[in-house]
Amino acid sequence: MATRQPRAWQRMLSGRRLDLLDPTPLDIEITDIAHGLAFVARWNGQTQGDWPYSVAEHSLLVEDILARLHPEIETRWRLAALLHDAPEYVIGDMISPVKAALGTEYGRMDERLTAAVHLRFGLPAVLPLAIKKKIKAADRISARLEAVQIAGFTESEAKQLFPLQNDAIMSVLRIQLRPPSQVRTAFLDRFQSLMTPGLQPA
């Protein structure tokens, strides 16, 4: 008797059936991404306040930091920053030590989902290296800020784990926690504002 293959897809609230091992752009919906990310907690939920600090809120912050650091950057790369953690709407957010312990398969799944998300919204499947570095730098600033302001890290721990070339921007950024429904709406609004005629969804 043939062995049944384990299920590798998830039914999304939009009605789409997303294959996690072989995702296609046509099975990606921004409403699913916004909803999922608004309910996925950063830092394994170990953050201060009455609301979890979600990946959607983090993504909004990273996009804002990128725009502050590079006011001239193209709108499509700001969209890429907003979507930089989009795969986590189905595979969750894992802290770095867990990712390292899991090995390469998590990374490959993340890459396949990222490519599908990018193609769905008019971005290249793989971002130019220079853009990836800019988004990563904004991501690191966000992590440093989150670590100190809401995740219980000391300043010295945060500086050691998330070193920055210039931390001046830290003084103008504050994290405010919001209910998931508000963050979901804010994420969708920012997405719509960043979509341009040249970036039509697939």
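Residues numbered from 1 in each chain as written. Predicted model: local features only at pLDDT ≥ 70, side-chain atom pairs only at ≥ 80, totals over all residues. Heavy atoms only, no water.

1. Section: the pattern of salt bridges
Going through the model one piece at a time under the given rule, you end up with 10 salt bridges. Across the pair E57 and R178 runs a salt bridge, and its minimum N-O distance is 2.5 Å. Here E57, found in helix α2 (residues 55-69), pairs with R178, found in the loop between α8 (155-161) and α9 (180-194); they are 121 residues apart in sequence, far enough to count as distant. Note on R178: relative accessible area 28%, which makes it partly exposed. For the salt bridge of D64 with R68, the shortest nitrogen-to-oxygen distance reads 3.0 Å. Here the residue D64 and the residue R68 both occupy positions in helix α2, the gap between them amounting to four residues, near one helical turn. Sharing partners across several salt bridges, the network here consists of R16, E29 and R120. (Salt bridge = Lys/Arg side-chain N within 4 Å of Asp/Glu carboxyl O. Helix = DSSP H or I, 4+ residues; strand = E, 2+ residues; numbered from the N terminus. Buried < 20%, exposed > 50% of the residue type's maximum accessible area, 1.4 Å probe, protein only.)

2. Section: unusual backbone geometry
With phi around 60°, W43 is a residue other than glycine that occupies positive phi space. Mapped onto the secondary structure, W43 falls in the loop between α1 (30-38) and α2. Of the residues examined, W43 reaches a relative accessible area of 16% and is grouped as buried. Its identity as a non-glycine residue notwithstanding, N44 has a phi of 55°, on the positive side. Following the sequence through the fold, N44 ends up in the loop between α1 and α2.

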